[in-house]
Amino acid sequence: MATLEALKARDKAARPPYQPYGAALKLMTCRNREVLLSGPSGTGKSMGCLQKIDLAASQTPIRAAIVRKLRTALTQAAMVTFSEKVLPAPPNAIWFHHEDQEYRYPNGSKVVVAGLDDPRKVLSTDFDLIYVQEATEVEEQDWQILLTRLRNNALSYQQLLADCNPSYPNHWLKVRCDNGLTTMLESYHEDNPALYDHAKQVWTPFGREYLKTLDSLTGYLHKRLRQGQWVAAEGMFFPEWDPEQHLVEPFEIPDDWPRWISVDYGFAVPFCALWFARDPETRVVYVYRELYGPGLRDEQQADLIKTRNEDDRILQLTVDPSMFNSRTEQKRPSIAQVYADRGLARLTQQGIFPGQNNRKQGWAIVRRALAHDENPPRVRFLKGLCPNLERELPALVRDPLDPEDTQQQSKSKEVSDHACDALRYGLATEALPPPPQAVRAIFG
Ligand SMILES: Nc1ncnc2c1ncn2[C@@H]1O[C@H](COP(=O)(O)OP(=O)(O)OP(=O)(O)O)[C@@H](O)[C@H]1O
Ligand SMILES: [Mg+2]
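Residues numbered from 1 in each chain as written. Chains lettered and ligands numbered in written order. Predicted model: local features only at pLDDT ≥ 70, side-chain atom pairs only at ≥ 80, totals over all residues.

J.: I'd like to hear about the domain arrangement of the protein, residue by residue, with values.
T.: Domain annotation for the protein reports domain 1 (2-225) and domain 2 (243-443). Computed from C-alpha atoms alone, the centre-to-centre distance between domain 1 and domain 2 is 38 Å. Across the contact, seven residues belong to domain 1 and seven residues belong to domain 2. Elements that contribute at least two residues to the side of domain 1 that touches domain 2 include exactly helix H7 (140-148) and helix H8 (172-178). Class assignment of the residues belonging to the side of domain 1 that touches domain 2 gives a composition of three nonpolar, two polar and two charged. (Domains from an automatic or database assignment. Contact = placed C-beta atoms within 7 Å. Helix = DSSP H or I, 4+ residues; strand = E, 2+ residues; numbered from the N terminus. Nonpolar A, V, L, I, M, F, W, Y, C, P; charged D, E, K, R; others polar.)

Structural data, given as C-alpha cells:
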C-alpha cells in the first residue's frame, strides 16, 4: 500500500501542471448527468474533459471511458493528449493495456478507450464517467445508450461529459441543451492559457498566430470554429431540416396504414432500404425503419429486407431505377429481378417498381414534404429508427454548379447520401404512382 501511495504521489508530482479556466474550470465541479463543452477550435475543451477523467480516476477507483464515433480517431487525438499532456511522463504507474484497450491506474481505476464503430466494449460494462469526444459526430441514440451505462456508482455522481465544435442550430445535441437535458458550458479561446496569458491579459505569440489561422476561415466555418456559433452550413441542401419538427418518438404503427419500402442500391457504397407508412387521416408519412450498409450482395439485401420486414403488409417496393437495368452481358438477371425471385415480389401486394428517375423533381418532393413554414411537415421520422437518414439529411450540401441538386462529391470524397436517395424514391412513390406495367415486367 505504501508503495502505491508513493507511486501516486510520484505520479502526481510528475504530471504536467494544469490550471483550468472558464468552461474547463466549471466542468471540474459540475456534477450534472450530461454536460457538454461547446466552443470554437482549440479552446481547451478536450484537455478539460481528459483532465477531469484523470483527476477522478487517480482519486477514486472508478471505471471511466473515452469514447468517440470512430476508434481510430481517438488514437490520433484524445490518446495523444491524454498520454503526453495529462498523464505523468513515462515511466509511470499508469499503463495502457493493449488487449483490453484500457488505461490501468495503480488504485484500480480503469479508463477504457472505445469507438462507437465497435461498441461492445462500452456496452458490456458500467461506468462512472464517460467522455464523448466530438459528440456532434454521434447519434442521439448512441448518447442515450451511453447514459444507460452510467451505473458503476463508485463515484458519488455519474456523468456523461462531452465536447464538440458547434454544428448546425437544430442539431440534436444543441436541442438537448436548449431543452435543459444537457448542460452546455461555452468555452472560449481565452480559456486556453497556451493561447491567452491570464497574468498579463494578452494573447500569447502562439495564440496570435493560431487566431490568425482561424481568422482566415470564411463563412460558416469561421462562425463555428473561430466564433463558436451554432450556425447552418452554407449551401445546406435542406435548411428545412429541424429535428424538433421531423423526429417523433417511435410508436406502434396501426396495421391498416398503407406501407411501402424504398431502396437505394449500393455494394461498394452502402445500400439503403427505408420503410414508409402513411396515416390515412392526416396523410402524414412516417419513415419507421432503415436498413443500411455496404458489402451486401443483391440476394443478401433481399433476404435482409424480408427478415426485417417481419409481417408488415407492404403495398409496393420502389427501387433505384438502375436496378432494373438488364445485365445480359454478365448473363445475370437485373437486380430488381433478383429481388423479385428472392421473394420480395411476393412480399408486396403490388410489386416492385423503378423509382422516380429525375433527381431534381425527386428532391423537390422531399423538400415539400419537409417544409413546415405554415403547416407541420408531411414527412416525419421515428426517432432513432433511421439513424443514417437522420445523419445524412442535414449534411447534404447544394451542388455549386446546380443549386437544384445535391453535391455528390466533396473534395474528391463521395458524399454519403444513400439514405437520402432512398427517401427521395420513397416519397416520390407516393407523389407519382408508377405505371402499372412495371409490375408485370417484374412478375414475368
Ligand atoms: N489549461 C491548459 N493549460 C495548458 N495548456 C492547455 C490548456 N488547455 C489547453 N491547452 C493546450 O491547448 C491544446 C488544445 O487544447 P484542446 O485539444 O483541449 O482544445 P479543443 O478545444 O479540444 O480543440 P478542438 O476544438 O480543436 O477539439 C492542448 O493540446 C494543450 O496543449
Ligand atoms: Mg478537442
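J.: Please provide a residue-by-residue account of the sheet that holds strand S12 (residues 259-264), values included.
T.: Here we have seven strands laid out as an open sheet, ordered S11-S17-S14-S13-S12-S15-S16, and mixed in their pairing. Each having just a single partner strand, strand S11 (247-248) and strand S16 (348-354) make up the two edges of the open sheet. When S12 meets strand S15 (residues 314-319), the two strands line up parallel, connected through four bridges. Each bridged residue has a counterpart across the sheet, and for Ile261 the counterpart in S15 is Leu317. Sheet strands touched by helix H12 (residues 298-309): S12, strand S13 (271-278), strand S14 (285-293) and S15. Its angle to S14, the strand with the most contacts, is close to 140°. (Pairing = 2+ DSSP bridges. Axes fitted to C-alpha atoms, helices over the stretch in contact; angles between N-to-C directions.)

J.: Break down the site of ligand 1 for me, citing the residues and quoting the values.
T.: Taken together, 17 residues sit near ligand 1, with Gly44, Lys45, Ser46, Met47 and Ala194 positioned nearest. Those elements that place two or more of their residues in the shell around ligand 1 are helix H3 (45-59) and helix H5 (78-86). Per element, the largest residue contribution to the shell around ligand 1 is three residues, and it comes from H3. (Near = placed C-beta within 6 Å.)

J.: Give a detailed account of the nonpolar core, specifying residues and quantitative values.
T.: The biggest cluster of nonpolar side chains holds 53 residues, and the ones touching the most others in it are Ile261, Leu274, Val287, Ala419 and Leu423. What Leu274 contacts, discounting residues up to four positions off in sequence, is Ile261, Ser262, Val287, Glu290, Cys386, Leu389, Ala419, Ala422, Leu423 and Gly426. (Core = buried A, V, L, I, M, F, W, Y, C linked by C-beta atoms within 7 Å. Buried ≥ 20, exposed ≤ 12 C-beta atoms within 10 Å, placed from the backbone.)

J.: Please give an account of the environment of Leu423 that cites residues and values.
T.: If you trace the backbone, Leu423 turns up in helix H16 (residues 418-431). Placed 30 residues apart in sequence, Leu423 and Leu393 show a C-alpha to C-alpha distance of 9.6 Å. Setting aside chain neighbours within four positions, we find Leu423 in contact with Leu274, Val287, Val366 and Leu389.

J.: With reference to specific residues and values, describe unusual backbone geometry.
T.: The phi torsion at Gln101 lies on the positive side, around 55°, for a residue other than glycine. The partly exposed category is assigned to Gln101, around which 18 C-beta atoms lie within 10 Å. The residue Glu134 is not glycine, and still its phi comes out positive at about 50°. Mapped onto the secondary structure, Glu134 falls in the loop between strand S6 (129-132) and H7. A tally of 20 C-beta atoms within 10 Å means that Glu134 is categorised as buried.

J.: Describe the environment of Arg63, and please don't skip the residues or the numbers.
T.: Following the sequence through the fold, Arg63 ends up in strand S2 (residues 63-68). Accessibility expressed as a C-beta count within 10 Å gives 21 for Arg63, which makes it buried. Sequence separation between Arg63 and Thr348 is 285 residues, and the spatial gap between their C-alpha atoms is 50 Å. Residues within four places of Arg63 in sequence aside, it is in contact with Lys110, Thr125, Asp126, Phe127, Asp128, Asn152 and Ala154.

J.: Describe the sheet that holds S2, listing the residues and the values that go with them.
T.: The strand order across the open sheet built from eight strands is S3-S4-S5-S2-S6-S7-S1-S8, with neighbouring strands paired in mixed fashion. Two strands in the sheet have a free side with no partner beyond their single neighbour: strand S3 (95-97) and strand S8 (183-186). Between one strand axis and the next, the sheet turns through 20° on average, direction left out of account. Note that S2 and strand S5 (residues 110-115) share six bridges and pair parallel. Bridging across to S5, Ala65 finds its partner in Val112. Packed onto the sheet, H3 meets strand S1 (34-38), S2, S5, S6 and strand S7 (159-164) and runs at close to 155° relative to S7.

J.: Give me the packing of helix H14 (residues 359-370) against H16: which residues, what numbers.
T.: Between H14 and H16, the shortest axis-to-axis distance is 9 Å and the interhelical angle comes to 80°. Between H14 and H16, the interaxial angle falls into the category roughly perpendicular. Contacts between H14 and H16 involve Gly362, Trp363, Ile365, Val366 and Ala369 from the first element and Leu423, Arg424, Leu427, Ala428 and Ala431 from the second. In the contact of H14 with H16, the residues fall into eight nonpolar, one polar and one charged. (Parallel < 35°, antiparallel > 145°, perpendicular 65-115°, else oblique.)

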